[in-house]
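An overview of the molecular structure
The primary structure of each chain is shown beneath.
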Amino acid sequence: MHEGTGWRRGKATAVLAALLALAMPLAHAGDAEAGPTQGRTWTFADTPSWQDEFDQPGRPDPAKWGYDLGGKGWGNNELQHYTDQLGNAFVEDGVLAIVARRFKRAGKTTYTSARLVSRGKGDFLYGRIEFRARLPVGRGTWGALWMLPTENRHGGWPRSGEIDIMEHVGYDPGQVHVTVHTQAYNHTRKTQRGTQTTVADASTKFHRYRVDWTPDWIRGYIDDAPVFEFANEGTGPDAWPFDQPFHLLMNLAVGGDWGGAQGVDEAAFPAWMEVDYVRVYPLLQP
C-alpha cells in the first residue's frame, strides 16, 4: 500500500514461484541463512524483542500503536476516513479487529476505518517481522500489513522505500501480494518488485505473513513458505533504501486505484481484518 499516486502490480509467474521455492529453504526463528549479496550468514533471535499478542480487550495498546487520521485519499484515491474510534479498531477475544464501516448521510455514502502505526513506539532496523492474520472479504476492500521509513532519510516516497508484507484486495480473493518499493524499482517505472501467491482460505483462516530483513536481502514468507526475495545490489539508496529504521502499519482501506478497480460492493460492509499477533525478532550479527 504505497504512498504515491496510482497503482500497478506485476504478477509472479508459476515458474518464478517454483524457482523461488526451490532456491530458498524454509526458515524459522534462529535458522541460519546465507545472504546472496555478500555471502554473509544471518540469523534471528528466537525471542521477539517487540510484540503485541492483543491479550487486553478494548483499544489497541497506546504504548505500541498510534493512528494515522483523515480522509484525504492517501495517495491512492481511497474512499475511507481513518479514525481512532473504538468501532474501527478494537481488541476482543485475543484478536485485533480493524473494521471498515459504511454510513449513509444526506444521501451520500461514506466509509470509516483505521490505520494503526507503530511509528515512534516500534521502529526497527532489520529483523524478522511476522503477522498472523485473517484477511477481509468483499469487493472494494484493501487490507495491508506493511512498513514505512520512520524518518525518510533518502527523501519522500518512493526514495526512502516501502515494504509490503501482505496486501489483499477483495475483488481478487485469496491472492496475497508481497512487494517492495524503491526509487529504482516501483510501479511508476514499471520496474516494481513483488510477487502474488494464492492463499485460498486467507479470509476464513489465520495465516502467518512475514518478512526477513537483513542488510543483504529482504525475503517474504507465508506460513514459513518462501514466496519473495529482493537482494541488495550494492548500488546505493535508489535501489536499496532499507538501511534506516522502519515502522509497522496495519490498515483496511476502501476503494482506491487498486482496491476499487472493480468498484465497491456496499453490501460487503462492515468488513473486517483480524490480527492475532505481531512479533519482531531482532537480527543477530553474523
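Residues numbered from 1 in each chain as written. Predicted model: local features only at pLDDT ≥ 70, side-chain atom pairs only at ≥ 80, totals over all residues. Heavy atoms only, no water.

Remarks on the environment of N251
- The residue N251 is located in strand β19 (residues 246–254) in this model.
- The contacts of N251, once residues within four sequence positions are left out, are M1, Y82, I98, A114, R115, W142, G143, A144, W146 and M273. (Helix = DSSP H or I, 4+ residues; strand = E, 2+ residues; numbered from the N terminus. Contact = heavy atoms within 4.5 Å.)

Quick notes on the side chain of T197
- Among the secondary structure elements, T197 is positioned in strand β15 (residues 193–198).
- On the accessibility criterion, T197 (18% relative accessible area) is buried. (Buried < 20%, exposed > 50% of the residue type's maximum accessible area, 1.4 Å probe, protein only.)

Section: the side chain of R115
- Residue placement: R115 occurs in strand β9 (residues 115–117).
- At 2.9 Å, the side chain of R115 and the side chain of D68 are in polar contact. (Polar contact = N/O pair within 3.5 Å; in protein donor to acceptor, adjacent residues only side chain to side chain.)

What about the pairing of strand β6 (residues 89–92)?
- Across four bridges, the pairing between β6 and strand β7 (residues 95–105) is antiparallel. Following the sheet pairing, F90 is matched in β7 by A97.
- Hairpin connection of β6 to β7: two residues between the antiparallel strands, including D93 at a positive phi of 55°. (Pairing = 2+ DSSP bridges.)

Regarding the nonpolar core
- With 55 residues, the main nonpolar core has Y209, W213, L248 and M250 as its most contacted residues.
- Judged by nonpolar contacts, the second largest core, of twelve residues, contains W74, A144, L249 and W258. (Core = buried A, V, L, I, M, F, W, Y, C linked by side-chain atoms within 4.5 Å.)

Quick look at the pattern of salt bridges
- Applying the stated criterion to the full structure yields 16 salt bridges.
- When the shortest N-O distance is used, the salt bridge between R40 and D216 registers 2.8 Å. One end of the pair, R40, is in the loop between β1 (33–34) and β2 (41–44); the other, D216, is in the loop between β16 (207–213) and β17 (217–222), and 176 residues separate them in sequence.
- When its relative accessible area of 0% is taken as the criterion, D216 is described as buried.
- The partner of D238 in a salt bridge is R159, and the shortest N-O contact between them spans 3.6 Å. Taken together, the positions of D238 in the loop between β18 (225–231) and β19 and R159 in the loop between β12 (141–149) and β13 (162–169) put the pair 79 residues apart, joining distant regions of the chain.
- The class for R159 is partly exposed, based on a relative accessible area of 37%.
- Connected through salt bridges with shared partners, the residues R128, E130, R208, R210, D212 and D224 form a single ionic network. (Salt bridge = Lys/Arg side-chain N within 4 Å of Asp/Glu carboxyl O.)

Some details on the packing of aromatic side chains
- Tallied over the full model, the rule gives 13 aromatic pairs.
- Seen in terms of ring centroids, Y126 and W213 are 5.3 Å apart; in terms of plane orientation they differ by 70°. Their pairing is edge-to-face. Here Y126, found in the loop between β10 (123–124) and β11 (127–134), pairs with W213, found in strand β16; they are 87 residues apart in sequence, far enough to count as distant. Like Y126, the residue W213 is buried in the burial classification.
- A centroid spacing of 5.7 Å and a plane angle of 80° characterise the contact between Y185 and F230, whose relative ring orientation is edge-to-face. With Y185 in the loop between β14 (175–181) and β15 and F230 in strand β18, this pair connects stretches of sequence that are 45 residues apart. Residue Y185 shares its accessibility class with F230, and that shared class is buried.
- Aromatic rings pair up to connect Y126, Y185, W213, F230, W240, F242 and F246 into one cluster.
- Above the face of the F103 ring, R105 is positioned so that its terminal group lies 5.1 Å from the ring centre.
- Here R279 stacks its cationic end above the ring of Y277, 3.6 Å away from the centre of that ring. (Phe/Tyr/Trp six-rings, centres within 6.5 Å; stacked < 30°, edge-to-face > 60°. Lys NZ or Arg CZ within 6 Å of the ring centre and 35° of its normal.)

Here we look at the confidence of the model for the protein chain
- Per-residue confidence for the protein chain averages 89 on the pLDDT scale, and 87% of its residues sit at or above 70.
- For residues 5–37, every residue scores under 50 in pLDDT, and the model assigns this stretch 92 contacts once sequence neighbours within four places are set aside. (pLDDT = per-residue confidence, 0-100.)

Focus: unusual backbone geometry
- The linkage connecting W157 with the following residue, P158, adopts the cis geometry, with an omega of 5°.
- Mapped onto the fold, P158 is located in the loop between β12 and β13.
- Note the cis peptide between F269 and P270, where omega equals 5°.
- Relative to the helices and strands, P270 resides in the loop between β19 and β20 (271–281).
- Of note in this structure, F54 is not a glycine but carries a positive phi near 55°.
- Its location among the elements puts F54 in the loop between β3 (50–52) and β4 (66–67).
- In the Ramachandran plot, W74 falls in the positive-phi region, its phi being about 55° despite a non-glycine side chain.
- Within the secondary structure, W74 is located in the loop between β4 and β5 (80–82).

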